[in-house]
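# Structural description and commentary
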Amino acid sequence: HHPVLVLSQFAFRLSFGLAAAMALTSHRHVSSGYFRVHCYVLLGLNVLAASLAFLDRESLPLWPPMVAAALSYVASAIWLYEKPRAGRVALALVAATALAADWLAGTIPSSASTAARILWWLDAPSGGLVLGVTMAAMLLGHWYLNAPGMKLDPLKRLVQGMVLAVAARAVVAGAGLWLFIAAHGTPGLTDGLFLALRWLCGIVGLWLLCWMTWQILKIPNTQSATGVLYVAVIISFIGELTAQLLAAEHGIPL
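Structural notes, computed from the coordinates.

The rules behind these values
In this numbering scheme, every chain counts its residues from 1 along its sequence in written order. Where local features are concerned, this predicted model is filtered to residues with pLDDT of at least 70; where side-chain atom pairs are given and counted, the filter is 80 or more; whole-chain, interface and lining totals use all residues. Based on all heavy atoms of the structure, the side-chain values leave hydrogens and waters out of the count. Labels follow the DSSP assignment, with helices taken as runs of H or I lasting at least four residues and strands as runs of E lasting at least two, numbered in each case from the N terminus. For this measure, only C-alpha atoms enter the radius of gyration; the expected value for a globule follows 2.2 Å times N^0.38, where N is the number of residues. The cut-offs for exposure are 20% and 50% of the maximum accessible area for each residue type, with area from a 1.4 Å probe on protein chains only; residues under the lower value are buried, those over the upper are exposed, and the others partly exposed. Residue contacts are counted whenever heavy atoms from the two residues lie within 4.5 Å of one another. Only buried residues count toward a nonpolar core. Its members are Ala, Val, Leu, Ile, Met, Phe, Trp, Tyr and Cys residues joined through side-chain atoms within 4.5 Å. Helix axes use the C-alpha atoms of the stretch in contact, all axes being lines fitted to C-alpha atoms, and the angles between their N-to-C directions lie in the range 0 to 180 degrees. Roughly parallel means an angle under 35 degrees; roughly antiparallel, over 145; roughly perpendicular, 65 to 115; everything else is oblique. It is the rotation of the near helix from the far one that decides the hand of a crossing: anticlockwise by less than a right angle makes it left-handed, clockwise makes it right-handed. Each residue is assigned to one of three groups, with Ala, Val, Leu, Ile, Met, Phe, Trp, Tyr, Cys and Pro labelled nonpolar, Asp, Glu, Lys and Arg labelled charged, and all others, Gly among them, labelled polar. By this rule, a helix spans an expected 1.5 Å times one less than how many residues it contains. The bend reported for a residue corresponds to the angle between axes fitted to the seven residues ending at that residue and the seven starting there. Ring pairs are drawn from Phe, Tyr and Trp, using the six-membered ring of Trp, whenever the two centres fall within 6.5 Å, and their geometry is named by plane angle: stacked under 30 degrees, edge-to-face over 60, tilted for the rest.

## Examining the overall build of the protein chain
- Within the protein chain one finds eight helices and zero strands.
- For the protein chain, the C-alpha radius of gyration of 18 Å lies close to 18 Å, the compact-globule estimate for 254 residues.
- Reported as C-alpha extents along the three principal axes, the dimensions of the protein chain are approximately 55 × 40 × 25 Å.
- When each of the 254 residues of the protein chain is scored for burial, the buried share is 49%.

## Quick notes on the side chain of Ser 8
- Relative to the elements of secondary structure, Ser 8 occurs in helix α1 (residues 2–24).
- Setting aside anything within four residues of it in sequence, one finds Ser 8 in contact with Leu 52 and Leu 60.

## Some thoughts on the nonpolar core
- The biggest cluster of nonpolar side chains holds 58 residues, and the ones touching the most others in it are Met 22, Tyr 34, Leu 91 and Leu 140.
- Listing elements by their share of this core, those giving two or more residues are α1, α2 (32–55), α3 (63–80), α4 (84–105), α5 (114–143), α6 (153–184), α7 (189–217) and α8 (222–250).
- By residue number, the principal contributor to this core is α5, which donates 11 residues.
- Excluding residues that lie within four positions of it along the chain, Tyr 34 makes contacts with Met 22, Ala 136, Leu 139, Leu 140 and Trp 143.
- In this structure, Ala 112, Val 172, Phe 180 and Leu 195 belong to the second largest nonpolar core, which totals 10 residues.

## Digging into the environment of Gly 127
- Relative to the elements of secondary structure, Gly 127 occurs in helix α5.
- Along the sequence, Gly 127 and Ala 173 sit 46 residues apart, while their C-alpha atoms lie 9.4 Å from each other.
- Among residues more than four places away in sequence, those in contact with Gly 127 are Arg 169 and Glu 240.

## Observations concerning the packing of α4 against α5
- In the contact formed by α4 and α5, the axes pass within 10 Å of each other and the chain directions differ by 140°. The pairing of α4 with α5 is recorded here as oblique in orientation. The handedness of the crossing between α4 and α5 is right-handed. Mapping the contact onto sequence places Leu 99, Asp 102 and Trp 103 in α4 and Trp 120, Trp 121, Ala 124 and Pro 125 in α5.
- A breakdown of the residues in the contact of α4 with α5 according to their chemical character gives six nonpolar, no polar and one charged.

## Quick notes on the packing of α5 against α8
- In contact at an axis separation of 8 Å, α5 and α8 are set at 160° when each is read in the N-to-C sense. With respect to α8, the element α5 is oriented roughly antiparallel. Crossing handedness for the pair α5 and α8: left-handed. Here α5 contributes Trp 120, Gly 127, Val 130, Leu 131, Thr 134, Met 135, Ala 137, Met 138, Gly 141 and His 142 to the contact with α8, which in turn contributes Thr 226, Leu 229, Tyr 230, Ala 232, Val 233, Ser 236, Phe 237, Glu 240 and Ala 247.
- Here the contact of α5 with α8 is composed, by residue class, of 12 nonpolar, six polar and one charged.

## Comments concerning α7
- Counted at 1.5 Å a residue, the expected span for α7 with its 29 residues is 42 Å, and the 40 Å between its end C-alpha atoms agrees.
- Within α7, the axis deviates most sharply at Gly 205, by approximately 40°.
- Within the sequence span of α7, burial applies to Leu 195, Arg 198, Cys 201, Gly 202, Ile 203, Gly 205, Leu 206, Leu 209, Cys 210, Thr 213, Ile 216 and Leu 217.
- Structurally, α7 contributes buried residues whose contacts are with α5, α6 and α8.

## Overview of the packing of aromatic side chains
- In total, this model carries five aromatic pairs according to the counting rule given.
- Between Phe 10 and Phe 237, the ring centres sit 5.0 Å apart and the planes meet at 90°, which makes this aromatic pair edge-to-face. Residue Phe 10 is located in helix α1, and its partner Phe 237 is located in helix α8; the two are separated by 227 residues in the primary sequence.
- Looking at Phe 10, the relative accessible area reads 9%, which means it is buried.
- An aromatic cluster is present here, built from Tyr 34, Phe 35, Trp 79 and Trp 143 joined pairwise through their rings.

Below is the structure:
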């Protein structure tokens, strides 16, 4: 049960964060092709989530990922005809549907305190923004190979967004860790190793890569920056998947 739930929630979170980051990216400085092509990424993520929901109908509602997939396809068609205002609305709807799907898929433990319940509600959006903004930055960096004349401002804003998203995630995960230690004491060896992996990859490592990307963009060299962002995407996946496994095991976001 856990692997299917974790993977489906991961797809929902990445879909939410990527759609939100794309919706907030300036269409004046980024060509519509960036939005259109990567709406297909959103489509693929939500089709994956729908497939997982089909396999586990008891735990996962099927309609949210199906609606999100349909909205992703509509969004790609809108961007094909270069209608940025409607396209951003469609992306916002994809983000909202994916976030709702994640919340519906999760189950808050009945014994959870008020603080733990608040953290559960914040877990999905904070984790999703880390995943999605990092992915959006990497995809935009890659897009500069197709359109080298684009301004760097949109990519810089996404890197700044990564810093803010990781900071927010650190607050949520740190509060969860504090509650866990208060209730259960110092984590054992296995939990300690997973927590170290989660924090070194998902928080500290991402901050370091944000700094490296920012310094490279001062040169500027978008190709090298994109290479660093590829690494950032990989370690954000590792950090967030580890966090989801820990949360599923212990009943609190970590």
